[in-house]
Amino acid sequence: MAVDLLLGLQWGDEGKGKIVDVLTSNYNIIARFQGGPNAGHTLVFNGKKHVLHTIPSGIFHDDATNLVGNGVVIDPVIFKGELDKLEEQNIDYRKSLLISRKAHIILPTHRLLDAASEASKGKAKIGSTLKGIGPTYMDKTGRNGIRIGDLELSDWKERYRNLADKHESMIAYYNVDIEYNLKELEEEFFKAIDVLKSLTFIDSEEYIYQAQKAEKSILAEGAQGSLLDIDFGTYPFVTSSNTTAAGACTGLGVAPNQIGEVFGIFKAYTTRVGSGPFPTELFDEDGKTMGRVGNEFGATTGRPRRCGWLDLVALKYACRVNGVTQLMMMKGDVLSGFKTLKVCTQYKYKGKTISHLPYNIEPENVEPIYTEFSGWNEDLTEMSDASELPKALNEYIDFLEKELEIPITIVSVGPDRKQTIFRQQFV
Ligand code: GDP
Ligand code: IMO
Ligand code: MG
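Calculation notes
- Residues numbered from 1 in each chain as written.
- Chains lettered and ligands numbered in written order.
- Predicted model: local features only at pLDDT ≥ 70, side-chain atom pairs only at ≥ 80, totals over all residues.
- Heavy atoms only, no water.
- Helix = DSSP H or I, 4+ residues; strand = E, 2+ residues; numbered from the N terminus.
- Buried < 20%, exposed > 50% of the residue type's maximum accessible area, 1.4 Å probe, protein only.
- Near = heavy atom within 4 Å.
- Polar contact = N/O pair within 3.5 Å; in protein donor to acceptor, adjacent residues only side chain to side chain.
- Areas by Shrake-Rupley, 256 points an atom, 1.4 Å probe, with all protein chains shown as cover.
- Nonpolar A, V, L, I, M, F, W, Y, C, P; charged D, E, K, R; others polar.
- Arc of directions from axis to C-beta.
- Donors = N, O, S within 2.8 Å, 3.2 Å for Na, K, Ca; no water.
- Salt bridge = Lys/Arg side-chain N within 4 Å of Asp/Glu carboxyl O.
- Pairing = 2+ DSSP bridges.
- Contact = heavy atoms within 4.5 Å.

(A) Broad picture of unusual backbone geometry. Following Y235, the chain continues into P236 via a peptide bond in cis, with omega recorded as 5°. Within the secondary structure, P236 sits in the loop between β10 (218-221) and α8 (245-252). Non-glycine residue D13 carries a positive phi angle of around 60°. Position of D13 relative to the elements: it lies in the loop between β1 (3-8) and α1 (16-23). The exposure class assigned to D13 is partly exposed, which follows from its relative accessible area of 21%. One non-glycine residue with positive phi stands out, namely E405, at about 60°.

Following this line, the structure appears as structure tokens:
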């Protein structure tokens, strides 16, 4: 059976966690394929909010297996925190949570290196979540990393020490003011490692192969968004993994010809947290309204998210790079009450009008060209059927479908599981 993918098409926080949770009832296995605790995936049901960072968003469903794939980087301390929260909710994760032996481990010194690197960059900082993501993936590609499977080897602590010592000398090299007590951090880290070791480690690519053979349905859950992809994002203001569809192949060991549906999630507007270019960013009342109504604060860091109009040039690019087959539009409810809505359809780039995402989208090179739409005043949050959606919203959706040439099959009208409208597929 083919593996379906679900991924973000913008700069992250599109609402991936919510939709994975909604779709989990259709799947046997939910598998995270990249990123780490830089992610914050929010789920809301039964009046309660849950935020997951590393654990797949299918964990609240009794009959789903949740796999942390080889492409993910795991911070044992944050992972343990997530497990503790699940325990408080009486979630029996022991039988449903599996971890790939090939996933890499974030060490306390990776986090310190992240902080040192950002501090040394000054104004040019990436705006990293400081979870040690960049340094851990650097050790992975540099062939120095420590993997989950290494925890089963007798000499892993020796390897840990060697790597942590090397990191300490690298921190000193940055020559920035970073205070830390490694002994304390290590105490917490090793305690969390013991908890991690009580979970089930597997050869996940073999597991997925056998699951496919046994006709199990699998949904691969992405983290971050396509514009944060290490290759296709707004480099260097990106994360350190492939957040796009290809990342699911390498992050789980699934061959490209085994991919089925590719669900692309986007907000009805755009947000970004951290540094980097954002052509449709708003600095006016409209942007503030989106931030306030949409409660646009990072689920991991609490930082306010920058807000702006929907950017179709960037969205088209993301759809192509991922081979998106179905779109899901989130947070349409946040746009209720705007008299006029704008969608960026082209850029003015170095004096010319262009329709593709160029190499450089810094403000000095790019100016968005907008198409305007009438807004709607209806509150969408109580709606449950596509027939209830206001005419102006349907016109907005029709325009996007026509431009993107992909059906929008879900419209989300609030954070809760129930606030999800399934539209008829038009293909
Ligand atoms: P993720 O990282 O893609 O899983 O997204 P986040 O959880 O970081 O951010 C999405 C935020 O929007 C969360 O606070 C969700 O609870 C919320 N959310 C998701 N869908 C909707 C929606 O349709 N409407 C509104 N108002 N909020 C939503
Ligand atoms: P989810 O999965 C939004 C951003 C950071 C920063 C840049 C690099 O919740 O959508 P990193 O910590 O990876 O070195 O940060 O990427 N970033 C995210 N922004 N959502 C995320 O994840 C993000 N993960 C990283 O803000 O700009
Ligand atoms: Mg998030």
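(B) Here's a closer look at the site of ligand 1. Taken together, 19 residues lie near ligand 1, and G15, K16, T42, D333 and S412 sit nearest. At 3.1 Å from an oxygen atom of ligand 1 is found a main-chain nitrogen or oxygen belonging to E14. A distance of 2.8 Å separates an oxygen atom of ligand 1 from a polar atom in the backbone of G15. Of all the elements in the fold, those that place two or more residues in the shell around ligand 1 are α1 and β3 (41-45). With 3 residues, the single largest contributor to the shell around ligand 1 is α1.

(C) Local environment of the site of ligand 2. Surveying the vicinity of ligand 2 reveals 20 residues, the closest of which are D13, K16, H41, T129 and T239. Between an oxygen atom of ligand 2 and a side-chain N or O atom of S128, the distance comes to 3.2 Å. Within the side chain of R303, an N or O atom sits 2.9 Å from an oxygen atom of ligand 2. Here ligand 2 loses 97% of its free accessible area of 550 Å² to cover by the protein chains. Considering only residue class, the shell around ligand 2 consists of 7 nonpolar, 10 polar and 3 charged.

(D) Main features of helix α7 (residues 204-213). Every buried residue of α7 is listed here: S204, I208, A211 and Q212. Down the axis of α7, the smallest arc covering the buried residues is 100°, so these residues share one side. Where α7 terminates, the next one or two residues include E215, which has phi positive at roughly 65°.

(E) The coordination of the magnesium ion (ligand 3), seen in detail. Coordination of the magnesium ion (ligand 3) by the protein comes from D13 (OD) and G40 (O), over a distance range of 2.0 to 2.2 Å. Here the residue D13 occupies a position in the loop between β1 and α1, and G40 occupies one in the loop between β2 (29-32) and β3, the gap between them amounting to 27 residues.

(F) Representation of the pattern of salt bridges. Following the criterion strictly, the structure yields 20 salt bridges and no others. D84 is paired through a salt bridge with K80; the nearest N and O atoms lie 3.1 Å apart. Of this pair, D84 and K80 are both found in helix α2 (residues 76-88), 4 residues apart, which corresponds to roughly one turn of the helix. Between E281 and R306 there is a salt bridge, with the nearest N and O atoms lying 2.9 Å from each other. On the criterion of sequence distance, the pair formed by E281 in the loop between β12 (270-272) and α9 (285-293) and R306 in strand β13 (residues 306-308) is long-range, its members being 25 residues apart. The exposure class assigned to E281 is buried, which follows from its relative accessible area of 17%. When salt bridges with common partners are traced through the structure, they connect D13, K267, E296, R305 and K331 into a single cluster.

(G) Quick peek at the pairing of β1. Burial analysis of β1 places 6 of its 6 residues in the buried class, the great majority of the element. Burial of β1 is two-sided: the residues V3, L5 and L7 facing one way and the residues D4, L6 and G8 facing the other way are all buried. Here β1 pairs with strand β11 (residues 259-267) via 5 bridges, running parallel. Counterpart to L7 in the pairing with β11 is G264. Bridge count for β1 against β10 is 4 bridges, and the pairing is parallel. Paired with L5 across the bridge in β10 is A220.

(H) Local environment of the environment of F201. Here F201 is to be found in strand β9 (residues 200-202). Residue classification places F201 among the buried positions, given a relative accessible area of 10%. Residues F201 and S100, spaced 101 residues apart in sequence, show a C-alpha to C-alpha distance of 5.7 Å. Filtering out sequence-adjacent residues up to four positions away, F201 remains in contact with I99, R101, I148, L151, E152 and L196.

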